[in-house]
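Coordinates in review
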Amino acid sequence: MVLPMPRPHKHPKIGIYYIRQKTPVDLLAVFGKKEAGWSLKTKDPEEAKVRNIEAVRKQGMIWAALRKRPEPL
């Protein structure tokens, strides 16, 4: 199953952009949350797009690290 690339979402009241990404099914038990999300700390839509790319890359690294965790003996 391919997950769609997350887009930055604008907070309706304060106008700051956020990223939200669903947790892959195989990592739900390990991560403990259904989604990951945080602020991109900008109100500029163009800057939010740039920061979104970096945030998606960082979250991908977190998913990869969780998948590589050592197996119990």
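Description of the structure in this document. (Residues numbered from 1 in each chain as written. Predicted model: local features only at pLDDT ≥ 70, side-chain atom pairs only at ≥ 80, totals over all residues. Heavy atoms only, no water.)

When the charged atoms of two side chains with opposite charge come close together, those side chains can pair. On inspection of all chains with the given rule, the structure shows five salt bridges. Between K49 and E46 there is a salt bridge, with the nearest N and O atoms lying 3.7 Å from each other. Of this pair, K49 and E46 both sit in helix α2 (residues 45-67), separated by three residues, roughly a single helical turn. A relative accessible area of 48% places K49 in the partly exposed class. (Salt bridge = Lys/Arg side-chain N within 4 Å of Asp/Glu carboxyl O. Helix = DSSP H or I, 4+ residues; strand = E, 2+ residues; numbered from the N terminus. Buried < 20%, exposed > 50% of the residue type's maximum accessible area, 1.4 Å probe, protein only.)

Turning our eyes to something else, we now look at the sheet that holds strand β3 (residues 35-39). Picture the strands of a sheet paired through backbone hydrogen bonds; they go either parallel or antiparallel. One open sheet accounts for three strands, arranged β1-β2-β3; its pairing is antiparallel. Sheet topology places β1 (9-10) and β3 at the edges, where each strand pairs with a single neighbour. Looking at chain direction, strand β2 (residues 17-22) and β3 are connected through five bridges and run antiparallel. Among the inter-strand pairings, K22 is bridged to a residue of β3, identified as E35. α2 contacts β2 and β3 of the sheet and is inclined by roughly 30 degrees relative to β2. (Pairing = 2+ DSSP bridges. Contact = heavy atoms within 4.5 Å. Axes fitted to C-alpha atoms, helices over the stretch in contact; angles between N-to-C directions.)

Our next topic: α2. Look at α2: 32 Å from first C-alpha to last across 23 residues, which is about the 33 Å you get at 1.5 Å a residue. Where α2 is concerned, the buried positions are A48, N52, A55, V56, Q59 and W63. Check the buried side of α2 and you find it contacts β2, α1 (28-31) and β3. (Expected span 1.5 Å × (residues − 1).)

Looking now at the packing of aromatic side chains. Using the criterion set out here, one finds one aromatic pair in the structure. Centroid distance F31 to W63: 5.0 Å. Interplanar angle 80 degrees. Geometry classified as edge-to-face. With F31 in helix α1 and W63 in helix α2, this residue pair connects regions lying 32 residues apart in the sequence. For W63, a relative accessible area of 5% translates into the label buried. (Phe/Tyr/Trp six-rings, centres within 6.5 Å; stacked < 30°, edge-to-face > 60°.)

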